[in-house]
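Each chain, written out:
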Number of protein chains: 2
Amino acid sequence: MRLGAVLYNDFELLDAYGPLEMFGCLGEELEIVVIAEQKGGVTSSAGPQTLAEYDFEDAPELDMLLLPGGVGTVPELANDAMLTFLKTHCPKTDINMSVCSGSALFAKAGLLDGLQATSNKMFFSLASSQSDKVDWVENARWVDAGQYVTSSGVSAGTDMALAVIERVFGVDRARMISEFTEYQWHTDADSDPFAKFLNQADSAMLG
Amino acid sequence: MRLGAVLYNDFELLDAYGPLEMFGCLGEELEIVVIAEQKGGVTSSAGPQTLAEYDFEDAPELDMLLLPGGVGTVPELANDAMLTFLKTHCPKTDINMSVCSGSALFAKAGLLDGLQATSNKMFFSLASSQSDKVDWVENARWVDAGQYVTSSGVSAGTDMALAVIERVFGVDRARMISEFTEYQWHTDADSDPFAKFLNQADSAMLG
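Everything numeric here is computed off the predicted structure, so don't read it as measured data.

## Description of the pairing of strand β6 (residues 95-98) of chain B
All names here are of chain B.
Piece 1. Burial of the side chains of β6 extends over both faces: I95 and M97 are buried on one face and N96 and S98 on the other.
Piece 2. Relative to strand β10 (residues 148-151), β6 is paired through three bridges, and the arrangement is parallel. Residue M97 lies in a different strand from β10, and its bridge partner there is V149.

## Looking at the nonpolar core
Piece 1. With 136 residues, the main nonpolar core has F23, L86 and M97 of chain A together with F23, L86 and M97 of chain B as its most contacted residues.
Piece 2. If we ignore the near neighbours within four places in the chain, the residues touching M97 of chain B are L3, F23, M64, L65, L66, L67, F106, V149, M160 and V164 of chain B.

## Focus: the environment of I165 of chain A
Residues and elements named next belong to chain A.
Piece 1. Mapped onto the elements, I165 comes out in helix α6 (residues 156-169).
Piece 2. Exposure remark for I165: the relative accessible area of 0% places this residue in the buried category.
Piece 3. Sequence separation of I165 and R175 is 10 residues, and the distance between their C-alpha atoms is 9.5 Å.
Piece 4. Beyond its immediate chain neighbours, meaning those up to four positions away, I165 contacts M22, F23, L26, G170, A174 and I177.

## Concerning the sheet that holds strand β5 (residues 64-67) of chain B
Residue and element names in this part refer to chain B.
Piece 1. What the six strands build is an open sheet, ordered β2-β1-β5-β6-β10-β9; its pairing is mixed. One side of each edge strand has no neighbouring strand; the edge strands of this open sheet are β2 (31-35) and β9 (142-144). Strand-to-strand twist in this sheet, taken as the mean axis angle between neighbours without regard to direction, amounts to 15°.
Piece 2. In this sheet, β6 lies alongside β5 in parallel orientation, the contact comprising four bridges. Within β6, the residue paired with L67 across the bridge is S98.
Piece 3. Contacts between helix α1 (residues 13-24) and the sheet are confined to β1 (2-6), β2, β5 and β6, with β5 contributing the most and set at about 150° to the helix.

## Concerning the sheet that holds strand β5 (residues 64-67) of chain A
All names here are of chain A.
Piece 1. With mixed pairing, the six strands of this open sheet are ordered in space as β2-β1-β5-β6-β10-β9. Looking at which strands have only one partner, the edges of the open sheet turn out to be β2 (31-35) and β9 (142-144). The average angle at which neighbouring strand axes cross in this sheet is 15°, direction not considered.

## Focus on the packing of helix α1 (residues 13-24) of chain A against α1 of chain B
Piece 1. Between α1 of chain A and α1 of chain B, the least distance of the axes is 9 Å, while the angle of their chain directions is 160°. As judged from the angle between their axes, α1 of chain A and α1 of chain B are roughly antiparallel. Every pair of crossing elements has a handedness; the one defined by α1 of chain A and α1 of chain B is left-handed. Of α1 of chain B, the residues touching α1 of chain A (which contributes L13, L14, Y17, G18, L20, E21 and M22 of chain A) are L13, L14, Y17, G18, L20, E21 and M22 of chain B.
Piece 2. The class makeup of the residues in the contact of α1 of chain A with α1 of chain B is 10 nonpolar, two polar and two charged.

## Considerations on the environment of A5 of chain B
All names here are of chain B.
Piece 1. As for its placement among the helices and strands, A5 is situated in strand β1.
Piece 2. For A5, a relative accessible area of 0% translates into the label buried.
Piece 3. Spatially, the C-alpha atom of A5 lies 25 Å from that of D192, the residues being 187 residues apart in sequence.
Piece 4. Look past the residues within four positions of A5 in its chain and what remains in contact with it is L20, V33, V34, I35 and L66.

## Some remarks on unusual backbone geometry
All names here are of chain A.
Piece 1. For V154, which is not a glycine, the phi torsion comes out positive at approximately 35°.
Piece 2. Inspection of the secondary structure puts V154 in the loop between β10 (148-151) and α6.
Piece 3. Judged by its relative accessible area of 2%, V154 is buried.

## Considering the relation of the copies chain A and chain B
Piece 1. Overlay of chain A on chain B (RMSD 0.0 Å): rotation 180°, translation along the axis 0.0 Å. The operation mapping one copy onto its partner corresponds to a two-fold rotation axis. For chain A, the smallest separation between a C-alpha atom and the rotation axis is recorded for T50 of chain A, amounting to 2.2 Å.
Piece 2. Here 98% of the interface residues in chain A have copies in chain B that are interface residues too; the copies meet face to matching face.

## As for the packing of helix α6 (residues 156-169) of chain B against helix α7 (residues 171-180) of chain B
Residue and element names in this part refer to chain B.
Piece 1. Between α6 and α7, the shortest axis-to-axis distance is 7 Å and the interhelical angle comes to 145°. Between α6 and α7, the contacting residues are L162, I165, E166 and F169 on the first element and V171, R173, A174, I177 and S178 on the second.
Piece 2. Residue composition of the contact of α6 with α7, by class: six nonpolar, one polar and two charged.

## A short note on the interface of chain A and chain B
Bring the parts together and some accessible area is lost; that lost area is often taken as the interface size.
Piece 1. At the junction of the two partners, chain A supplies 47 residues and chain B supplies 46 residues.
Piece 2. Taking both sides of the interface into account, the surface hidden between chain A and chain B amounts to around 4100 Å²; carbon and sulfur atoms contribute 64%.
Piece 3. Counting across the interface, chain A meets chain B through zero salt bridges.
Piece 4. Scanning the region where chain A abuts chain B turns up 18 residue pairs in polar contact (both at pLDDT 80 or more).

## What about the pattern of salt bridges?
Piece 1. Across all of its chains, the model carries 18 salt bridges over all chains by this definition.
Piece 2. Ionic pairing is found between R2 of chain A and E31 of chain A, a salt bridge with its closest N-O pair at 2.9 Å. Taken together, the positions of R2 of chain A in strand β1 (residues 2-6) and E31 of chain A in strand β2 put the pair 29 residues apart, joining distant regions of the chain.
Piece 3. The exposure class assigned to R2 of chain A is partly exposed, which follows from its relative accessible area of 25%.
Piece 4. Notably, a salt bridge pairs K92 of chain B with E61 of chain B, separated by 3.6 Å at the nearest N-O pair. Note that K92 of chain B is positioned in the loop between α3 (80-89) and β6 and E61 of chain B in the loop between β4 (49-52) and β5, a separation of 31 residues in sequence.
Piece 5. By relative accessible area, which is 43% here, K92 of chain B ends up partly exposed.
Piece 6. For E61 of chain B, a relative accessible area of 51% corresponds to the exposed category.
Piece 7. Sharing partners across several salt bridges, the network here consists of K39, D55 and D58 of chain A.

Conventions and cut-offs
- Residues numbered from 1 in each chain as written.
- Chains lettered and ligands numbered in written order.
- Predicted model: local features only at pLDDT ≥ 70, side-chain atom pairs only at ≥ 80, totals over all residues.
- Heavy atoms only, no water.
- Buried < 20%, exposed > 50% of the residue type's maximum accessible area, 1.4 Å probe, protein only.
- Helix = DSSP H or I, 4+ residues; strand = E, 2+ residues; numbered from the N terminus.
- Pairing = 2+ DSSP bridges.
- Core = buried A, V, L, I, M, F, W, Y, C linked by side-chain atoms within 4.5 Å.
- Contact = heavy atoms within 4.5 Å.
- Axes fitted to C-alpha atoms, helices over the stretch in contact; angles between N-to-C directions.
- Parallel < 35°, antiparallel > 145°, perpendicular 65-115°, else oblique.
- Left-handed = near helix turned anticlockwise from the far one by under 90°.
- Nonpolar A, V, L, I, M, F, W, Y, C, P; charged D, E, K, R; others polar.
- Least-squares fit on C-alpha atoms with pLDDT ≥ 70 in both.
- Buried area = accessible area lost by both parts, 1.4 Å probe.
- Salt bridge = Lys/Arg side-chain N within 4 Å of Asp/Glu carboxyl O.
- Polar contact = N/O pair within 3.5 Å; in protein donor to acceptor, adjacent residues only side chain to side chain.

Nothing here speaks to function; it is geometry throughout.
What follows is the structure, encoded as structure tokens:
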């Protein structure tokens, strides 16, 4: 099986690397590849760069796709190359996952219409304003709608990843990975301690 | 202020990127740089590559240093270039942090002698066998010994990072970052739900 992480400049580090840590523990059963509009360094919002080995033209077939969020989501909402890539690849990928504001991009591409989905709490309206045909769930750590699994903000993606590993590889495998990584796994998708911060974003809050 | 993440091939993704997520939320107050023995791509054990912008020769002065663990720790224990880099840079860096088996490298370099320190649970003896002059703490999420802060396995590094942010930037800042990243922060360094797995590594368990 193959999982592709689709990155773009100013993606949020943990959105990508929380899930990739958990999927990476599957070892040789799952190949992880990194895809971006152009090959080479993709700069996270925190600074460190990840190397994209595939671009949108030569990206391989995927079984799973992971789309992080981050402040870079906003310019990507107007990037036809990104939206076209998602519209082309997601429908033929078994499981498409987004973290945080990544669901805004899935929604903008029309991929979530008719489905339940969630997004990060503080900037929830960034996602929900992209499509009124999505059943947006405000109070959820993640939402598993089958082919599309969307998670709440940043850290929630790690719990979503373990839930997807449980679905595909079994609960024992997911539990072993959480123990190996000393991760206190939150197994209840409906328990969302951060729902109280809905749309309370304050760009100054992180100073 | 400047934080340097010191990477090597087969590092564990979340060891590096859990802490870097939290430190990255400090914004312009902290510059994050990536250092490795050679510039260019450093391959994680899960596959994705991070770009090192500095090598051991031109690494800048640091205020904080972050050293992840991973299966790549074992060959690095015999890498004089790595040990020399740590012996040269850590003593002049205010706060040196390790995650998981990273503390084995600090210990091998003699930097933890006379201090309390911890490491990941399943492979604890990899670290503790490097020096009998370290006061190894088996039951700890992380140990703050002042200039050296060592954390337990993988995910524990994220809690350690928030504790260091609390120490340097205040508890309000740390709490805001944990809320922004929707992270259920474990604030008790002495609470270690994974201590029961001490040295119970089974290389086949993730097989």
